[in-house]
Amino acid sequence: MKSADWDERYRITETVWGVAPNRWVAHELANLPPGRALDLACGEGRNALWLAGLGWEVTGVEFSRVALDKARVLESAQPHAARPVTWVLADATTYSAPAPVDLALLCYLQLAASERRAAVRGAAAALAPGGTLLVVAHDSRNIADGTGGPQDPSVLYTGADIAGDLDGTGLSVQRAEELRRPVEGADRPAIDCLLRATAP
């Protein structure tokens, strides 16, 4: 989908993803010491704002102008964090961070393999020494065995796929696995994948 398509999707609902952080993001990052964070494809900013509330200095990158406008509105309605989020209109597959970050986050960025690889490797390249990369996405098995999410298999992937994207970067992979996420009203959970890695 192009940025105009996402503009329209974000325009027709109050919030597409809600205002609470993603459950896996919160679980993985709640106890990480705050520093500089990069949230690529941040959408309406729910994870970026949650991180800012924990004391992180956050840059949220998103190629939908409508989503960023909504993120700013959401930010203005929340208690002030230690630092405001820096919102950047840019494509996650080509964005280059101006300074190293301690955390790079990609949450449900569903792209074809070559674009995904560009985004993942760009996120990895942004990390300061010892920095953390966290990728969360709809898993390839979700179409057949899970609930919701994109129905195009070309934009789904696994933890192993993401680990492969990192070949040659020097990052150490701590977790690359499949997770089951309960979905209200569904008779089976969604299947997500998660990768967590650390820069040397």
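Residues numbered from 1 in each chain as written. Predicted model: local features only at pLDDT ≥ 70, side-chain atom pairs only at ≥ 80, totals over all residues. Heavy atoms only, no water.

Considering the environment of Gly-148
Relative to the helices and strands, Gly-148 resides in the loop between α6 (142-145) and α7 (159-165). Assessed through its relative accessible area of 41%, Gly-148 is described here as partly exposed. As a C-alpha pair, Gly-148 and His-138 span 10 residues in sequence and 9.0 Å in three-dimensional space. (Helix = DSSP H or I, 4+ residues; strand = E, 2+ residues; numbered from the N terminus. Buried < 20%, exposed > 50% of the residue type's maximum accessible area, 1.4 Å probe, protein only.)

A word on the sheet that holds strand β7 (residues 190-198)
Reading across from one edge, β3-β2-β1-β4-β5-β7-β6 is the order of the seven strands in this open sheet, with mixed pairing throughout. A strand with exactly one partner marks an edge of an open sheet, and here the two such strands are β3 (86-89) and β6 (172-181). Neighbour to neighbour, the strand axes of the sheet diverge by 15 degrees on average, direction disregarded. Packed onto the sheet, helix α3 (residues 46-53) meets β1 (36-40), β2 (57-62), β3 and β4 (101-107) and runs at close to 150 degrees relative to β4. Its contacts with the sheet put helix α5 (residues 113-125) on β1, β4 and β5 (127-138), and the angle it makes with β5 is roughly 155 degrees. (Pairing = 2+ DSSP bridges. Axes fitted to C-alpha atoms, helices over the stretch in contact; angles between N-to-C directions. Contact = heavy atoms within 4.5 Å.)

Remarks on the pairing of β7
With eight of its nine residues buried, β7 lies for the most part within the structure. Of the strand pairs in this sheet, β5 and β7 are connected by seven bridges, and their pairing is antiparallel. Along β7, the bridge assignment pairs Leu-134 with Arg-196. Sheet topology places β6 next to β7; nine bridges connect them, and they run antiparallel.

Focus: the nonpolar core
Counting residues in each nonpolar core, the largest one holds 28 residues, and the members touching the most others are Leu-40, Leu-106, Leu-133, Leu-166 and Leu-171. For this core, the elements supplying multiple residues, two or more each, are β1, β4, α5, β5 and β7. Beyond its immediate stretch of four places on either side in the chain, Leu-171 contacts Ala-124, Leu-127, Leu-133, Leu-166, Ala-197, Thr-198, Ala-199 and Pro-200. Core analysis: the second largest hydrophobic core is formed by 26 residues, Leu-49, Leu-51, Val-85 and Leu-134 among them. (Core = buried A, V, L, I, M, F, W, Y, C linked by side-chain atoms within 4.5 Å.)

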